[in-house]
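Descriptive analysis of the structure
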Amino acid sequence: MSSAAEPPTVAVPLDTPPRVASLGTGVHGTHTTTDVFRLPDLWQLHLYTYSAELVVGGLSHTIRPGRVSLVPPGTEVRYRYRGRSEHLFVHFALPGTGGSTRVPLLQDAGAETPALTGLLRQAVAIAPRNPVRAAAEVWTALWRVAELGAPGGPAQAPGPVAAAIAHVEAHLAGPLAVPDLARVAGVSHNHLTRLFRAETGRTVVAYVRARRMARARHLLRESTLTVRAVADAVGIADLQAFNKACHREFGASPRALRAAARAPGGDQRSPVP
């Protein structure tokens, strides 16, 4: 039996909610120290509270409290227990057909363990009366598992660019000067500028302008807010400046954008870039 230095990763399509077949608290190791099984058509998500051994594809992995595993359908798993062992589990299908996220088969949840435990316990509690809500809780848990090791994921503090972007998204109606964003991100003005262009392909100023105009387009097309209110909502208090920004970004005035969306056959969709 070989042992893996690093657990393999699995491709997880998370673009649509899971279809939950079963979930709850699994109790094992009471009558036998070994279980060998597979689920031909279902994924397995386990959040562990005990120490044991998990063997997948001939590779042995150590289970300990706070670890979480995500095993794809049709995969044979072998558990070797050290006594009574309880874990939260979800068996589910992933009907998504979009892009997949690579996730370690087994990883430490770390500081996210309480949050994941709460999500799964909530899903277990509400599943009998509200299975759709339970699936939503599981979907959230799966995304958190997928992001455990990702830069800026829930197990890590966000990087400077992520911190700056979060501030921009929360404060589009206010002033967003680059030096202020750099202070929020905890880096110098020049360093944020370099990092931002490397990660997004845009300058900070261009990103702020694009996000403000995307929000403005949405509000003009989908709401009944006045043009003045829309301008204020995206941090451009001067109406003449707002009108020029719309012409530059969309080739039309704010009122023309709104009229085009309201016209018969007009495109009512407002995709967010």
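Everything that follows concerns the structure shown earlier in this document.
Below is a summary of the structure that appears in this document. Please read these numbers as outputs of a predicted model, since none were measured by experiment.

1. Thoughts on the pattern of salt bridges
- Across all of its chains, the model carries eight salt bridges by this definition.
- A salt bridge links arginine 211 to glutamate 169, with the nearest nitrogen and oxygen atoms 2.9 Å apart. With arginine 211 in helix H6 (residues 204–222) and glutamate 169 in helix H3 (residues 160–170), this residue pair connects regions lying 42 residues apart in the sequence.
- Owing to a relative accessible area of 27%, glutamate 169 belongs among the partly exposed residues under this scheme.
- The shortest N-O distance in the salt bridge between arginine 183 and aspartate 180 comes to 2.0 Å. With arginine 183 and aspartate 180 both in helix H4 (residues 178–185) and three residues apart, the pair spans about one turn of that helix.
- Residue classification places arginine 183 among the exposed positions, given a relative accessible area of 60%.
- Aspartate 180 sits in the partly exposed class, given a relative accessible area of 34%.
- The network of salt bridges with common partners includes Arg64, Arg67 and Asp108.

Rules behind the numbers
- The numbers attached to residues start from 1 for each chain and follow its sequence in the written order.
- pLDDT decides what is reported in this predicted model: residues at 70 or higher carry local features, side-chain atom pairs at 80 or more are listed and counted, and totals for whole chains, interfaces and linings draw on all residues regardless.
- To get the side-chain values, take all heavy atoms of the structure and skip hydrogens and water.
- Between Lys or Arg on one side and Asp or Glu on the other, a salt bridge is scored when a side-chain nitrogen of the former is within 4 Å of a carboxyl oxygen of the latter.
- To qualify as a helix, a DSSP run of H or I must reach at least 4 residues; to qualify as a strand, a run of E must reach at least 2; elements of each kind are numbered from the N terminus.
- Each residue is assigned to one of three classes by its accessible area relative to the maximum for its type, calculated with a 1.4 Å probe on protein chains only: buried under 20%, partly exposed between the two thresholds, exposed over 50%.

So yeah, pure geometry; function would need other evidence.
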